[in-house]
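Residue-level structural notes
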Amino acid sequence: MLKPSFAALVKDSPILPVLHMESVEDAVNVSRALYKGGITCAEIVLRSPVALDCIKAVSEQVPEVTVGVGTLTTTQQVADAVAAGAQFLVSPSFTKELASAMIETGLPMLPGVVSPSEINQALELGIDEVKFFPAAQYGGAATIKALSSVFSQVKFCPTGGVSLDNMAEYFANDSIFAVGGSWMVPKALIAKKDWGAITALSQQAIAAIASQEVCA
């Protein structure tokens, strides 16, 4: 196998929080709050000047959380994120050059796809776990169901428009091993530094998965 399994990484809590952080201190506190709520991984996206600093701080100060990087669009970003301490890699898009750079790190990884052609290119590189993004805009669970009927060996992590209200629809498909989203880390709660509320939302999400028996 060319890379470690991403599905194995999130097996115990198949929700991947997408964190857009503007403060290193907030990133550390949010990660701790997520962990208290039962979520063990966090994806910090490269959408702020301090994103790499946030990844470094969480990897060092909250080692119980597996922190990774999202919104990778260049090979240089891959190298920078690994140097900062990212433990997994997520991209919103797919190119062979970017995906190859991600593979070379030896870390769990999810390139972004939405089409049969992109999935086929991923398979040509030995990649069978992908991010489906933006999920809602590209047909959501129904589209993934159609794609998985053709690409039965591929496992998906939909992100974009996934919420507590619709994640059961996604998990009803066995080809979906996790979902990504930010509903448990709303900007308003981060601004108020209400870490307890973030923990409560995380617990709610994990409990919903358990009660619906949507995870193996």
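Pairing geometry for strand 7 (residues 129-132) and strand 8 (residues 155-158), over 4 bridges, is parallel. The partner of F132 across the bridge, within strand 8, is P158. Regarding topology, helix 7 (residues 140-150) serves as the crossover connection from strand 7 to the parallel strand 8, and that connection is right-handed.

Our focus in this paragraph is helix 4 (residues 75-84). V78, A81 and A84 are the residues of helix 4 that are buried. Angular distribution of buried residues about the axis of helix 4 spans 130°; they occupy a single face of the element. Packing partners of the buried residues in helix 4 comprise helix 3 (51-61), strand 3 (66-70), strand 4 (89-90) and helix 5 (96-104). G85 lies just past helix 4 and shows a positive phi near 110°.

Here we come to unusual backbone geometry. For the bond running from F133 to P134, omega is -5°, close enough to zero to count as cis. Here P134 is to be found in the loop between strand 7 and helix 7. Backbone geometry places T71, a non-glycine residue, at a positive phi of 60°. Summarising the element assignment, T71 is placed in the loop between strand 3 and helix 4. Judged by relative accessible area, T71 falls into the buried class, the value being 16%.

What follows is about the pattern of salt bridges. For the structure shown, the criterion picks out 3 salt bridges. K56 serves as the salt-bridge partner of E60, at 2.8 Å between the closest nitrogen and oxygen. Here E60 and its partner K56 are both found in helix 3, 4 residues apart, which amounts to about one turn of the helix. Judged by its relative accessible area of 51%, E60 falls in the exposed class. Relative accessible area serves as the criterion here: at 40%, K56 is assigned to the partly exposed category. Taking the shortest distance from any N to any O, the salt bridge between K96 and E124 comes out at 3.0 Å. With K96 in helix 5 and E124 in helix 6 (residues 116-124), this pair connects stretches of sequence that are 28 residues apart.

Our next topic: the side chain of T199. Mapped onto the fold, T199 is located in helix 10 (residues 195-212). A residue is classified by how much of its surface remains accessible, and T199, at 11% relative accessible area, is buried. Side-chain polar atoms of T199 contact the backbone oxygen of A33, separated by 2.8 Å. Setting aside residues no more than four positions away along its own chain, T199 makes contact with A33, K36 and G37.

This next bit is on the packing of helix 2 (residues 24-36) against helix 3. Between helix 2 and helix 3, whose axes approach to 9 Å, the crossing angle comes to 45°. One element, helix 2, and the other, helix 3, form an angle in the oblique class. Crossing of helix 2 over helix 3 shows right-handed handedness. Residues V24, A27, V28, S31 and R32 of helix 2 lie in contact with helix 3, whose contacting residues are D53, C54, A57, V58 and Q61.

On to the state of the cysteines, then. Across all of its chains, the model carries 0 disulfides by this definition. Between C41, a free cysteine, and C157, which holds the nearest cysteine sulfur, the sulfur-to-sulfur gap is 10 Å. What makes C41 buried here is its relative accessible area of 1%. Classification of C157 as buried rests on a relative accessible area of 1%.

Conventions we followed
- Residues numbered from 1 in each chain as written.
- Predicted model: local features only at pLDDT ≥ 70, side-chain atom pairs only at ≥ 80, totals over all residues.
- Heavy atoms only, no water.
- Pairing = 2+ DSSP bridges.
- Helix = DSSP H or I, 4+ residues; strand = E, 2+ residues; numbered from the N terminus.
- Right-handed = clockwise from strand over helix to strand, strands pointing away.
- Buried < 20%, exposed > 50% of the residue type's maximum accessible area, 1.4 Å probe, protein only.
- Arc of directions from axis to C-beta.
- Contact = heavy atoms within 4.5 Å.
- Salt bridge = Lys/Arg side-chain N within 4 Å of Asp/Glu carboxyl O.
- Polar contact = N/O pair within 3.5 Å; in protein donor to acceptor, adjacent residues only side chain to side chain.
- Axes fitted to C-alpha atoms, helices over the stretch in contact; angles between N-to-C directions.
- Parallel < 35°, antiparallel > 145°, perpendicular 65-115°, else oblique.
- Left-handed = near helix turned anticlockwise from the far one by under 90°.
- Disulfide = S-S within 2.5 Å.

Any functional reading would require information beyond the geometric quantities listed.
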